[in-house]
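A look at the structure
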Amino acid sequence: MLNDIVLAISNFMYTYLLIIILLAGGFYFTFRTRFIQFRMFRESLRVVTERPDRAGSVSSFQALMVSTASRVGTGNIIGVSVAICVGGYGAVFWMWLIAIIGGATAFIESTLAQIYKRRNTETGESYGGPAYYIEAALHSRPLAVLFALSLIATYAGGFNMLCSFNLQSTFSGYSFYNEGVTPWIIGGIAALLTAFCVMGGGKRIIAVASTLVPFMGGLYVLVALIVIVMNLELVPTVFARIFQGAFDFQAIFAGFTGSALMQGIKRGLFSNEAGMGSTPHAHARAKAKNPHEQGLAAMVSVFVDTFVILNLTVFSILTTGALETGKNGTALTQAAFATSFPGIGDIFVAVCLLFFAFSTILGWQFFGLVNVKYLFGEKAGVIYSLLVVAFVVVGSTLKLDLVWALSDFFNGLMVIPNAIALWALSGVVVKICRKFQDQKVS
């Protein structure tokens with residue numbers, strides 16, 4: 001009964017409430033910032049390559065990698081295949097649109113994280129996020145606590161367990177897989193690697209993410225490009241079918257929840273995470289000359305997530321004809337790569353998922369850690385990190401519908417206080433943006 005109640009609430013939130021909030025916010029912030037994701041895109045690329053003034057400080061590039069680690073995860077391989085299977089080719093167009101307007105939302109929330117960040121006087125490290133700017137600017141401790149608790153419940157437990165389960169299930173189709181043993185082994189290895197990183201604190205997480213994400217992301221991009229080039233003659237046809245499916249309004253209104261429009265919007269919103277309140281924690285850590293710069297860096301992360309990684313997965317699937325196999329999720333993406341690289345393509349996808357899932361776990365642990373310290377102080381961080389490691393092991397062996405339903409519920413719940421803050425404080429960011437531009441002109 002509890003599972004049914006949570007699912008009913010979650011379905012309402014995700015199908016109507018959250019989509020309206022995030023979509024409306026994306027369009028509003030786009031117009032209010034005068035289409036900053038287009039005007040300042042070249043500047044954003046310059047910002048992420050800039051080195052910090054002080055040695056040892058977190059650079060914009062490192063913050064970008066932690067932010068990207070949470071965005072570029074299993075959703076880019078598994079989530080996109082689900083969107084295409086349910087919504088068809090047209091879902092891709094709506095994912096593109098959501099990423100475009102999401103860039104403005106990411107700019108607003110990450111700039112706010114920089115404006116209202118705090119500094120540890122002993123270590124000199126900066127930290128912050130929605131809980132901090134909600135309390136400091138809106139003077140609402142209850143709303144900030146609601147956000148922090150929702151994020152911890154989402155990422156520390158449910159989503160980390162889900163990520164760990166997806167990670168080990170990638171290998172379920174191989175002959176060596178033993179349902180009673182293999183999940184424990186894979187979960188144990190993932191837990192040990194996670195423990196090594198998280199026990200080193202935020203600096204070690206940032207260092208690992210800023211090394212792992214570019215390496216694995218670059219390798220995935222390279223191989224996916226080869227797959228697409230091998231089927232280059234089908235790319236124009238795929239583009240045509242994407243636009244045709246996107247504007248097939250008869251199909252959209254005939255089955256709205258499963259339509260290309262709805263699937264594209266839902267998967268797009270929760271793939272790039274713009275407005276969710278998670279990635280500002282990473283951008284608050286960066287040493288920036290101006291808060292505006294971290295907003296620009298956050299836009300790059302949304303671009304990388306959708307227009308690089310996600311698009312490469314999409315075109316790998318659609319140009320190889322893998323969609324006609326009837327497979328779904330990981331198996332569909334593996335089938336696409338195996339078409340061009342028989343015998344090793346599916347293994348390559350499994351290895352990529354392994355590293356993407358691991359980097360995602362690190363990103364989520366970091367976001368949760370900031371909020372645990374906000375609520376309970378510095379000493380609580382060690383206990384929290386140990387719990388995360390335990391959840392990684394447990395998650396690889398369990399498949400509990402209630403856990404996933406509760407995670408989705410809390411994930412949706414944390415959007416609401418963050419969205420309130422973004423709407424209320426967007427004027428502050430606009431002033432910062434104009435001041436920055438005036439300085440550039442002068």
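To start, this report covers the structure provided alongside it. Fair warning: this is a prediction, and the values are worked out from it, not measured in the lab. (Residues numbered from 1 in each chain as written. Predicted model: local features only at pLDDT ≥ 70, side-chain atom pairs only at ≥ 80, totals over all residues. Heavy atoms only, no water.)

In terms of regular secondary structure, the protein chain is built from 19 helices and 2 strands. Expressed as a percentage of its 442 residues, the buried residues of the protein chain come to 58%. Counting only contacts in the protein chain whose residues sit at least 6 apart along the sequence, the fraction spanning at least 24 positions is 84%. When the accessible surface of the protein chain is summed, it comes to about 17,900 Å², and 67% of that surface belongs to carbon and sulfur atoms. (Helix = DSSP H or I, 4+ residues; strand = E, 2+ residues; numbered from the N terminus. Buried < 20%, exposed > 50% of the residue type's maximum accessible area, 1.4 Å probe, protein only. Contact = heavy atoms within 4.5 Å. Areas by Shrake-Rupley, 256 points an atom, 1.4 Å probe, with all protein chains shown as cover.)

Now for helix H11 (residues 235–246). An ideal rise of 1.5 Å per residue puts 16 Å on 12 residues; H11 measures up with 17 Å between its terminal C-alpha atoms. Among the residues of H11, Val235, Val238, Ile242 and Ala246 are the ones counted as buried. Mapping the buried residues of H11 onto a view down its axis gives an arc of 65 degrees, with all of them on the same face. What points out from H11, more than 90 degrees from its buried face, is the exposed set Pro236 and Gln244. (Expected span 1.5 Å × (residues − 1). Arc of directions from axis to C-beta.)

In this section: the packing of helix H17 (residues 345–376) against helix H18 (residues 380–397). Interhelical geometry of H17 versus H18 gives an angle of 145 degrees and a closest axis separation of 9 Å. You can see that H17 and H18 cross each other, and the crossing is right-handed. Along its contact with H17, which presents Ile361, Trp364, Gln365, Gly368, Leu369, Val372 and Phe376, the element H18 presents Ala380, Gly381, Tyr384, Ser385, Val388 and Val392. Grouping the amino acids of the contact of H17 with H18 by side-chain chemistry returns 9 nonpolar, 4 polar and no charged. (Axes fitted to C-alpha atoms, helices over the stretch in contact; angles between N-to-C directions. Left-handed = near helix turned anticlockwise from the far one by under 90°. Nonpolar A, V, L, I, M, F, W, Y, C, P; charged D, E, K, R; others polar.)

Now for a positive patch on the surface. There is a patch of like positive charges on the surface, built from Arg32, Arg34, Arg39, Lys431 and Arg434. Here Arg434 is to be found in helix H19 (residues 401–441). (Patch = residues over 30% accessible without salt bridge, like charges linked within 9 Å, V, L, I, M, F, W, Y side chains within 5 Å. Salt bridge = Lys/Arg side-chain N within 4 Å of Asp/Glu carboxyl O. Lys, Arg positive; Asp, Glu negative; His and termini not counted. Charge placed at Lys NZ, Arg CZ, Asp CG, Glu CD.)

Along its 17 residues, helix H9 (residues 182–198) runs 24 Å from first to last C-alpha, staying within 8% of the 24 Å computed at 1.5 Å per residue. Every buried residue belonging to H9 is among Thr182, Pro183, Ile186, Gly187, Ala190, Ala191, Thr194, Cys197 and Val198, and all of these are buried. Seen from one end, H9 has its buried residues packed into an arc of 155 degrees, which puts them on one side. Across from the buried face of H9, at angles greater than 90 degrees, the exposed residues are Trp184, Leu192 and Phe196.

With that out of the way, let us pick up the packing of aromatic side chains. The final tally for this structure, using the stated rule, is 18 aromatic pairs. Residues Phe35 and Phe38 carry aromatic rings whose centres are separated by 6.4 Å and whose planes lie at 40 degrees to one another, so their mutual orientation is tilted. Overall, Phe35 belongs to the partly exposed group, its relative accessible area being 36%. For Phe38, a relative accessible area of 54% corresponds to the exposed category. Three or more aromatic residues joined by ring pairs make a cluster, and in this case those are Phe93, Trp94, Trp96, Phe239, Phe243 and Phe315. (Phe/Tyr/Trp six-rings, centres within 6.5 Å; stacked < 30°, edge-to-face > 60°.)

Phe107, Tyr133, Ile242, Val314, Phe315, Leu318 and Phe337 are the most contacted members of the largest nonpolar core, which totals 110 residues. Looking at this core element by element, the count peaks at 18 residues for H17. Apart from the residues within four sequence positions on either side, Phe337 is in contact with Tyr220, Val223, Ala224, Val227, Ser316, Gly345, Phe348 and Val349. Residues Ala99, Ala106, Ala274 and Val302 belong to the second largest nonpolar core, which totals 5 residues. (Core = buried A, V, L, I, M, F, W, Y, C linked by side-chain atoms within 4.5 Å.)

Applying the stated criterion to the full structure yields 2 salt bridges. Where Arg46 meets Glu43, a salt bridge forms, and the shortest distance between an N and an O atom there is 2.5 Å. In this pair, Arg46 and Glu43 both sit in helix H3 (residues 41–48), 3 residues apart, roughly one turn of the helix. For Arg46, a relative accessible area of 31% puts it in the partly exposed group. Among the salt bridges present, the one from Glu135 reaches Arg141, with a minimum N-O distance of 3.4 Å.

In this section: the packing of H3 against helix H15 (residues 291–320). Where H3 meets H15, the closest approach of the two axes is 8 Å, and the angle between their N-to-C directions is 100 degrees. Relative to H15, the element H3 is oriented roughly perpendicular. Across from Phe41, Glu43, Ser44, Leu45, Arg46, Val47 and Val48 in H3, the residues of H15 making contact are Glu293, Leu296, Ala297, Met299, Val300 and Phe303. Residue composition of the contact of H3 with H15, by class: 9 nonpolar, 1 polar and 3 charged. (Parallel < 35°, antiparallel > 145°, perpendicular 65-115°, else oblique.)

What follows concerns a nonpolar patch on the surface. Where nonpolar side chains cluster on the molecular surface, the patch consists of Phe215, Leu219, Leu222, Ile226 and Met230 and spans about 460 Å² of accessible area. Turning to its location among the elements, Leu222 is positioned in helix H10 (residues 201–230).

Everything listed here is a matter of geometry and, on its own, says nothing about what the molecule does.
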